[in-house]
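If you want the building blocks of each chain, they are given just below.
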Amino acid sequence: MGTRRDEESGFSTEVPRERAVLAGIHLPLAWAGGLGGEADLPELGRLVDTAGADVVGQVEQRRARPVPSTFLGKGKLEDLKELVEETEATLVIFDNDLTPAQGRNLEKALDVNILDRTELILDIFAKHASTRQARLQVELAQLKYMLPRLTRLWSHLERQAGGIGTRGPGETQLETDRRLVNKRIAVLDKALVEIETTRQTQVRSRQGTYTAALIGYTNAGKSTLMNGVTDAGVYVKDQLFATLDATTRKVEIDERRRFLLTDTVGFIRRLPHHLVESFKATLQEVRDADLMVHVVDASCDDPEHQIASVNKVLREIVPEEKATLLVFNKMDLVDSELFINRFSRSYPGSVFVAGRTEDGSTELREAILTRLTGNELIRTVRLPITNLHCLSSFHRTGSVLEQEFEADMCLATLRLTEKELNRLLSREGAVLVEES
Ligand SMILES: Nc1nc2c(ncn2[C@@H]2O[C@H](COP(=O)(O)OP(=O)(O)OP(=O)(O)O)[C@@H](O)[C@H]2O)c(=O)[nH]1
Ligand SMILES: [Mg+2]
C-alpha cells in the first residue's frame, strides 16, 4: 500500500494494511439457478492478499439459502461481530455477492466496511490496470456495478451526517449522481468503441497468419509461457490478475512456420459478469484466434475444477466451438508420471510442460505449430504471373510441388495450410483448380 503524510508530524508514514475478516456461506448448487456452490475462502484469501489487506479471521456457514436482510443467520452474525471486535478488523469481505440492502444492513450491524467478492475483484483490477484501455474497462465495470448501489453509498453518508436534514437533498443528489454516472458510462463506451475500431484495423492486416490465444485461470502461468515462446517480456507475478491487457507477438521459425500468440487477462471461478462485459474488447482477441491455448495449473488442488470454471466463463465470450489445445503447466511441482497417467486419457491431445524451463517453451511452441499448421493440404491453383512473388516463401520451404506456365498464368501445386490457401484465393487473385 502507498504512503500518506502524517497530518500532525508532516512526515510520510506507511498506511497500515487493512485487516480483513472473510465470510462465506455454502449454498446448495441448485440455489438461484446455479448461483450457489461452495464458498472458497482460501481463494478469497489470496484475492485479499493481492488487494493489499491481511486476513485476520474467517466465518463460514452452510445454509439452504441466504437470509434476505443480512445474508448470514442471526447467530452467525453475532459470532462475526465478536470476531471483528476481537481481531480489530477494519473490513469484512464476503465470498458471495451481496444485494445493496444486505450490504447496507451488514454495515450497520458490524460498523466496519463491507465488501463482496465482486467489489474485491474490481478493486484488484483497478489496481493492476496500466493501459488506457484496461483503465477505461475497469472504470466501466465499476460504474455499472455501482449504479444500483448508489442508494447504499448515500445512506452511508446519511448515517455519518446523522441523517437530519440530509434526506431531501440526498435524494435529489442521488438523481444527479445517477445522471452523471450514466453520462460517464456513455463516454467510456464511446472511447472503448474507438479503441476497438483501431484494433480491428490491426487484425485485418494480420490476415493470412494463424493466431493462437493463451487463456486460463489466473496465475496458471500464461504470461510465463508467453515470455518463453516469444520475447514479449510480459509482467509475471505470483498474484492474481497480474495481466489485464492483451499482448500479441509474432513467433517465427521460418517463413512459413509462424503464428501470432496473444496473452491476455486470466479467468476465475464466478468472474463478475460486469467485468466480462467490460473486457469484451480485450477478450475479442480470444474470439478472433484460430486456436485457444488453455493453460491449467497442474499444481492446483483440483485441475478439473479449474478447467470447468474457465470453460464456464469462456462460454460467455466464445459461444461457438473453437479448436483448443489444453496445456498442463507447472509440471515441475507435481509427480509428473502419476499426473500424466491420471490426466492424459481424459484429455487426449493435451501437453504437459513446465513453462519456467526452456524445454517447456519449445514443447509448447511445437505443439501450437502442429495444431495450427499440422493439417496441410495439397492444392493446385491458377495464379496471374504478375503475382508470382507470393509463391516465394513456398519455394523456400520446398512446398511448391509442381509449377507450369500457361500464357500469363501460372499453374502451381502447393503444400499449404487452409489459411494460406484462403489468402491466395482472396488476396492474390488465385483460382482453385478442381481435381478431375
Ligand atoms: N514452479 C513453476 N512456477 C511457474 C511455472 N510457470 C509459471 N509459474 C509461476 O506462477 C506464477 C504466475 O505466473 P504468471 O505467468 O504471471 O501467470 P498468469 O497465468 O499470466 O497469471 P495472471 O496474469 O495473473 O492471470 C508466477 O509466480 C510464475 O513464476 C512453472 O512452470 N513452474
Ligand atoms: Mg499474466
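Fair warning: this is a prediction, and the values are worked out from it, not measured in the lab. Counting starts from 1 at the beginning of each chain's written sequence and moves along it residue by residue. All chains are assigned letters beginning with A, and all ligands numbers beginning with 1, in the order in which they are written. Totals for whole chains, interfaces and linings use every residue, but because this is a predicted model, local features are given only for residues with pLDDT of at least 70 and side-chain atom pairs only at 80 or more, for both listing and counting. Note that water and hydrogens are dropped before the side-chain values are worked out from all heavy atoms of the structure.

A helix here means a DSSP run of H or I that spans at least four residues, while a strand means a run of E at least two residues long, and both kinds are numbered starting from the N terminus. Assigned secondary structure in the protein chain consists of 15 helices and 16 strands. Only protein chains enter the calculation, and the probe is 1.4 Å; a residue is then buried if its accessible area is under 20% of its type maximum, exposed if over 50%, and partly exposed in between. A burial count over the protein chain gives 47% of its 436 residues as buried. Any two residues whose heavy atoms approach within 4.5 Å at even a single point are treated as in contact. Restricting to contacts in the protein chain with at least 6 residues of sequence separation, those with at least 24 account for 68%. Accessible surface, the protein chain: about 22500 Å² in total, of which carbon and sulfur atoms supply 50%. Computed by Shrake-Rupley with a 1.4 Å probe, the accessible areas treat only the displayed protein chains as cover when residues are assessed.

Pairs of packed helices are described in terms of their axes, by the angle between the two and the distance that separates them. Axes, fitted as lines to C-alpha atoms, cover a helix only where it is in contact. Angles between the N-to-C directions of the axes lie from 0 to 180 degrees. Following both chains from N to C, one finds helix α2 (residues 74–87) and helix α3 (residues 100–110) inclined at 50°, their axes separated by 10 Å at the closest point. Considered as vectors, α2 and α3 are oriented oblique to each other. Remark: the crossing between α2 and α3 carries right-handed chirality. Contact residues: α2 offers Leu77, Leu80 and Lys81, while α3 offers Leu106, Ala109 and Leu110. Under this grouping Gly is polar, as are all residues other than the nonpolar Ala, Val, Leu, Ile, Met, Phe, Trp, Tyr, Cys and Pro and the charged Asp, Glu, Lys and Arg. For the contact of α2 with α3, the class distribution of residues is five nonpolar, no polar and one charged. Orientation categories follow fixed angle ranges, with anything under 35 degrees roughly parallel, anything over 145 roughly antiparallel, 65 to 115 roughly perpendicular, and all other angles oblique. Working rule for handedness: look at the near helix, and if it is turned counterclockwise from the far one by less than a right angle, call the crossing left-handed; if clockwise, right-handed.

This next bit is on helix α13 (residues 358–373). With 16 residues, α13 should cover 22 Å at 1.5 Å per step; its first-to-last C-alpha distance of 22 Å lies within 8% of that length. Tucked into the core, α13 has its buried residues touching β7 (210–216), α8 (222–229), β9 (258–263), β10 (291–297), β11 (324–329) and β12 (351–352). Given the number of residues in a helix, its expected span is that number minus one, multiplied by 1.5 Å.

Turning to the sheet that holds strand β13 (residues 377–384), a few remarks are in order. With antiparallel pairing, the four strands of this open sheet are ordered in space as β14-β15-β13-β16. For this open sheet the edge positions go to β14 (400–406) and β16 (431–432), each flanked by a neighbour on one side alone. Two elements, β13 and β16, share two bridges in a ladder whose sense is antiparallel. Bridge assignment links Val381 to a residue of β16, and that residue is Leu432. In the packing of helix α15 (residues 418–427) onto the sheet, the strands contacted are β13, β15 (409–416) and β16, and the crossing angle to β15 comes to about 160°. We treat two strands as partners when DSSP finds at least two bridges between them.

Strand order in the open sheet formed by six strands is β8-β9-β7-β10-β11-β12, with mixed pairing between adjacent strands. One side of each edge strand has no neighbouring strand; the edge strands of this open sheet are β8 (247–252) and β12. When β8 meets β9, the two strands line up antiparallel, connected through six bridges. When the bridges of β9 are listed, Glu252 appears paired with Arg258. Lying on the sheet, α8 is in contact with β7, β8, β9, β10 and β11; it crosses β9 at an angle near 150°. Each of β7, β10 and β11 touches helix α11 (residues 303–317); the most contacted strand, β10, lies at about 145° to it.

Okay, empty space enclosed by the protein next. Residues are called lining when one of their atoms sits within 4 Å of a cavity or pocket point, these points coming from a 1 Å grid over the protein atoms alone, where a cavity is a set in which a 1.4 Å probe fits but cannot get out and a pocket is an open set with protein on both sides within 12 Å along at least five of seven lines. Grid points are joined across faces, edges and corners, and a volume is the space filled by probe spheres set on the points. Applying the stated rule across the entire model yields one cavity of 30 Å³ or more. Taken as a whole, the largest cavity spans an internal volume of roughly 40 Å³. Lining the largest cavity we find Phe125, Val265, Gly266, Phe267, Leu271, Leu275, Val276, Phe279 and Leu283. Taken together, the residues of the lining of the largest cavity break down into eight nonpolar, one polar and no charged.

Time to look at the packing of aromatic side chains. When two rings of Phe, Tyr or Trp (its six-membered ring) have centres within 6.5 Å they constitute a pair, described as stacked for plane angles under 30 degrees, edge-to-face for angles over 60, and tilted for the intermediate range. In the structure shown here, the tally under the stated rule is 10 aromatic pairs. Relative to Phe279, the ring of Phe125 lies with its centre 5.3 Å away and its plane at 85°, an arrangement referred to as edge-to-face. Of this pair, Phe125 sits in helix α4 (residues 117–128) while Phe279 sits in the loop between α9 (273–278) and α10 (280–288), placing them 154 residues apart in sequence. Judged on exposure class, the residue Phe125 and its partner Phe279 are both buried. For the pair Phe339 and Phe343, a centre-to-centre distance of 4.5 Å together with 35° between the ring planes defines the contact as tilted. Of this pair, Phe339 and Phe343 both sit in helix α12 (residues 336–343), four residues apart, which is roughly one turn of that helix. Both residues of the pair, Phe339 and Phe343, count as buried.

A separate point is unusual backbone geometry. Its identity is not glycine, yet Asp111 carries a phi of approximately 60°, on the positive side. By the secondary structure assignment, Asp111 is in the loop between α3 and β6 (113–116).

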